[in-house]
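Each chain is listed here by its residues.
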Amino acid sequence: MRVTMRSVLLVVGSVVALMVTLHLGQQVLECQQVLSERRHRLMRPENEELVMMDSNHVEYRYSKEMPLIFIGGVPRSGTTLMRAMLDAHPEVRCGEETRIIPRVLAMRQAWSKSGREKMRLDEAGVTDQVLDAAMQAFILEVIAKHGEPARYLCNKDPFTLKSSVYLSRLFPNSKFLLMVRDGRASVHSMITRKVTIAGFDLNSYRDCLTKWNKAIEVMYSQCLEIGRSRCLPVYYEQLVLHPEQSMHAIMKFLDISWSDTVLHHEELIGKPGGVSLSKIERSTDQVIKPVNMEALSKWIGHIPGDVLQDMAHIAPMLARLGYDPYANPPNYGHPDPLVVNNTHRILTRPSLIQPGSRTQAWELLVCADVI
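Quick caveat: nothing in here was measured; it's all calculated off a predicted structure.

Q: I'm lost on the overall build of the protein in this one. Help?
A: When you go through the protein residue by residue, the secondary structure sums to 16 helices and seven strands. Within the protein, contacts between residues at least 6 apart in sequence are counted, and of these 75% link residues at least 24 apart. Carbon and sulfur atoms make up 56% of the accessible area of the protein, which amounts to about 19,900 Å² in all.

Here it is as structure tokens:
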């Protein structure tokens with residue numbers, strides 16, 4: 001009888017233990033589900049899209065997979081003209097410089113270069129993966145929301161292209177337009193227009209040309225690294241002299257349908273869906289005009305003789321990019337009739353002429369055998 005009672009107790013105990021185990025297991029699963037749901041609410045899924053709606057209630061969806069366009073180059077290299085011409089396209093929106101994107105990219109680069117800081121971040125769980133996801137979300141948010149929505153979005157912050165390789169990884173379908181201009185012209189424009197750039201001594205042509213050389217070398221090397229299928233060098237002089245040919249090549253590279261409006265950006269300035277300009281950007285007073293030759297050779301006769309003599313040593317990137325460091329004046333080529341006409345219209349309207357540019361522009365027209 002005792003044996004039978006003991007067996008009964010063992011069976012009952014086993015059943016109770018099994019029921020308790022099942023109950024506890026169910027509670028654990030429920031807790032895990034609750035925690036999982038909470039994490040999904042707090043964290044953004046990697047494929048999350050930004051949804052925006054325009055004034056006509058058309059919905060646009062943006063994600064890291066979209067074909068973002070990044071325009072950059074050394075300041076005073078035609079980045080504003082390039083973005084204004086793209087902005088004139090009915091399906092593209094670039095907008096003004098954000099100013100913050102290149103600064104955030106520089107901070108991210110600094111964290112990566114500092115071994116001690118990277119170790120501290122890793123120990124805190126702030127890994128490269130976490131930082132990259134945050135950078136993706138931040139950059140996309142800024143580009144998408146600092147202007148009106150459009151089918152294609154682009155960002156124009158000159159020094160952003162110092163991080164082309166990194167950006168190409170963050171946004172795998174993005175493309176890059178690297179604006180290239182004769183460094184002598186870029187530097188002369190910086191100095192005469194007093195464009196403050198960190199590290200550039202605006203009292204010295206030699207220093208500015210040295211810094212120009214370093215900056216364009218970094219950007220050009222990164223452009224080559226990510227490949228011609230994703231990064232296109234755009235020469236400012238050729239864009240100005242042959243805008244239709246240049247823009248056809250650019251639109252083909254970007255895989256965006258052609259529109260004649262890109263050749264007449266000045267007609268869409270300030271109009272809805274057109275070209276929005278910043279009152280504080282230095283190039284605003286220039287891009288309100290049609291594409292013209294006014295700024296091509298303004299630097300001639302202003303660079304000190306000792307700097308001209310050492311030009312090939314000071315700025316070796318000039319020769320690498322195809323410019324003759326000793327040509328003074330250089331031969332950039334002959335302008336298209338459209339550009340000749342635009343330049344002539346500007347020269348005959350005093351209110352549109354930049355100080356000191358009339359003589360050089362007239363000389364270019366003479367060289368083009370149109371006067």
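Q: Can you walk me through the sheet that holds strand 6 (residues 175-180) in this structure?
A: One open sheet holds the five strands; their spatial order is 4-5-3-6-7, and the pairing between them is parallel. One side of each edge strand has no neighbouring strand; the edge strands of this open sheet are strand 4 (92-93) and strand 7 (231-235). The pairing of strand 4 with strand 5 (residues 152-156) spans two bridges and is classified as parallel. Each bridged residue has a counterpart across the sheet, and for Val-92 the counterpart in strand 5 is Tyr-152.

Q: For this particular structure, what's the right way to read the packing of aromatic side chains?
A: Each aromatic ring pair is described using two quantities: the centre-to-centre distance and the angle formed by the ring planes. Tallying each qualifying case throughout the model produces five aromatic pairs. Both rings, one in Phe-70 and one in Phe-171, keep their centres 6.1 Å apart while their planes meet at 45 degrees; by these two values the pair is tilted. Residue Phe-70 is located in strand 3 (residues 69-72), and its partner Phe-171 is located in the loop between helix 6 (164-170) and strand 6; the two are separated by 101 residues in the primary sequence. Given a relative accessible area of 0%, Phe-171 falls into the buried group. Here a set of aromatic residues connected by ring pairs shows up, and it is made of Phe-70, Phe-171 and Phe-176. For Lys-162, the ring lying beneath its charged end belongs to Phe-159, and the centroid distance is 5.2 Å. One cation-aromatic arrangement involves Lys-175 over Phe-253; the distance from NZ or CZ to the ring centre is 4.9 Å.

Q: Help me understand helix 15 (residues 337-347), please; the structure alone is not making it clear to me.
A: Counting along an α-helix, one turn takes 3.6 residues, and residues three or four places apart therefore face a common direction. Among the residues of helix 15, Val-339, Val-340, Asn-342, Thr-343, Ile-346 and Leu-347 are the ones counted as buried. Down the axis of helix 15, the buried set is contained in an arc of 165 degrees. They therefore lie on one face.

Q: Could you clarify how one ought to interpret the pattern of salt bridges in this entry?
A: Opposite charge on two side chains permits them to pair, given that their charged atoms come into close proximity. Within this structure, the stated rule accounts for 16 salt bridges. Residue Asp-87 pairs with Arg-83 through a salt bridge whose shortest N-O separation is 2.6 Å. In this pair, Asp-87 and Arg-83 are both assigned in helix 2 (residues 79-87), four residues apart and thus about one turn of the helix distant. The burial state of Asp-87 is the same as that of Arg-83; both residues are buried. Between Arg-184 and Asp-182 there is a salt bridge, with the nearest N and O atoms lying 2.8 Å from each other. The residues Arg-184 and Asp-182 share a single accessibility class, namely buried. Through salt bridges with shared partners, one network takes in Arg-108, Lys-118, Asp-122, Asp-128 and Asp-132.

Q: Help me understand the packing of helix 2 against helix 10 (residues 243-254) in this model?
A: Taken N-terminus to C-terminus, the directions of helix 2 and helix 10 make an angle of 70 degrees; their axes are 12 Å apart at the nearest point. When the axis of helix 2 is compared with that of helix 10, the two are roughly perpendicular. Counted together, Met-82, Met-85 and Leu-86 of helix 2 and Pro-243, Met-247, Ile-250, Met-251 and Leu-254 of helix 10 form the full contact between these two elements. By residue class, the composition of the contact of helix 2 with helix 10 is eight nonpolar, no polar and no charged.

Q: I would appreciate a short explanation of unusual backbone geometry in the present structure.
A: In most cases, non-glycine residues show a negative phi, while peptide bonds are predominantly trans. For the bond running from Asn-328 to Pro-329, omega is 10 degrees, close enough to zero to count as cis. Counting through the fold element by element, Pro-329 comes out in the loop between helix 14 (317-320) and helix 15. Phi angles above zero are rare outside glycine, and His-57 is one such case at about 65 degrees. Mapped onto the elements, His-57 comes out in the loop between strand 1 (50-53) and strand 2 (59-62). The phi angle at Asp-255 is positive, at roughly 60 degrees, despite the residue not being glycine. Following the sequence through the fold, Asp-255 ends up in the loop between helix 10 and helix 11 (284-287). Note on Asp-255: relative accessible area 62%, which makes it exposed.

Q: Would you explain the environment of Arg-61 in this entry?
A: By secondary structure assignment, the location of Arg-61 is in strand 2. C-alpha of Arg-61 to C-alpha of Leu-50: the two residues are 11 residues apart in sequence and 5.6 Å apart in space. With sequence-adjacent residues up to four places away left out, Arg-61 is seen in contact with Glu-49, Leu-50 and Val-51. Of note is the side chain of Arg-61, whose polar atom sits 3.2 Å from the side chain of Glu-59.

Q: When you look at the side chain of His-188 in this model, what are you seeing that I'm missing?
A: For His-188, the position within the fold is in helix 7 (residues 183-192). When near neighbours in sequence (up to four residues on either side) are disregarded, His-188 contacts Tyr-205, Lys-298, Trp-299 and His-302.

Q: Sorry if this is basic, but what is going on with the pairing of strand 3 here?
A: Within a regular beta strand, the side chains point alternately toward one face of the sheet and then the other, so they alternate between its two faces. Both faces of strand 3 are covered, namely the face carrying Ile-69 and Ile-71 and the face carrying Phe-70 and Gly-72. As paired strands, strand 3 and strand 5 are joined by three bridges and run parallel to one another. Paired with Ile-69 across the strands is Cys-154, a residue of strand 5. Two strands pair when backbone bridges link them, and strand 3 and strand 6 are joined in this way by four bridges, in the parallel orientation.

Q: Would you explain the pairing of strand 1 in this entry?
A: Only one face of strand 1 is covered, namely the one carrying Leu-50 and Met-52; the face carrying Val-51 and Met-53 has none of its residues buried. Sheet topology places strand 1 next to strand 2; four bridges connect them, and they run antiparallel. The partner of Leu-50 across the bridge, within strand 2, is Tyr-62. What sits between strand 1 and strand 2 in their antiparallel hairpin is a turn of five residues, with His-57 showing a positive phi close to 65 degrees.

Criteria and cut-off values
- Residues numbered from 1 in each chain as written.
- Predicted model: local features only at pLDDT ≥ 70, side-chain atom pairs only at ≥ 80, totals over all residues.
- Heavy atoms only, no water.
- Helix = DSSP H or I, 4+ residues; strand = E, 2+ residues; numbered from the N terminus.
- Contact = heavy atoms within 4.5 Å.
- Areas by Shrake-Rupley, 256 points an atom, 1.4 Å probe, with all protein chains shown as cover.
- Pairing = 2+ DSSP bridges.
- Phe/Tyr/Trp six-rings, centres within 6.5 Å; stacked < 30°, edge-to-face > 60°.
- Buried < 20%, exposed > 50% of the residue type's maximum accessible area, 1.4 Å probe, protein only.
- Lys NZ or Arg CZ within 6 Å of the ring centre and 35° of its normal.
- Arc of directions from axis to C-beta.
- Salt bridge = Lys/Arg side-chain N within 4 Å of Asp/Glu carboxyl O.
- Axes fitted to C-alpha atoms, helices over the stretch in contact; angles between N-to-C directions.
- Parallel < 35°, antiparallel > 145°, perpendicular 65-115°, else oblique.
- Nonpolar A, V, L, I, M, F, W, Y, C, P; charged D, E, K, R; others polar.
- Polar contact = N/O pair within 3.5 Å; in protein donor to acceptor, adjacent residues only side chain to side chain.

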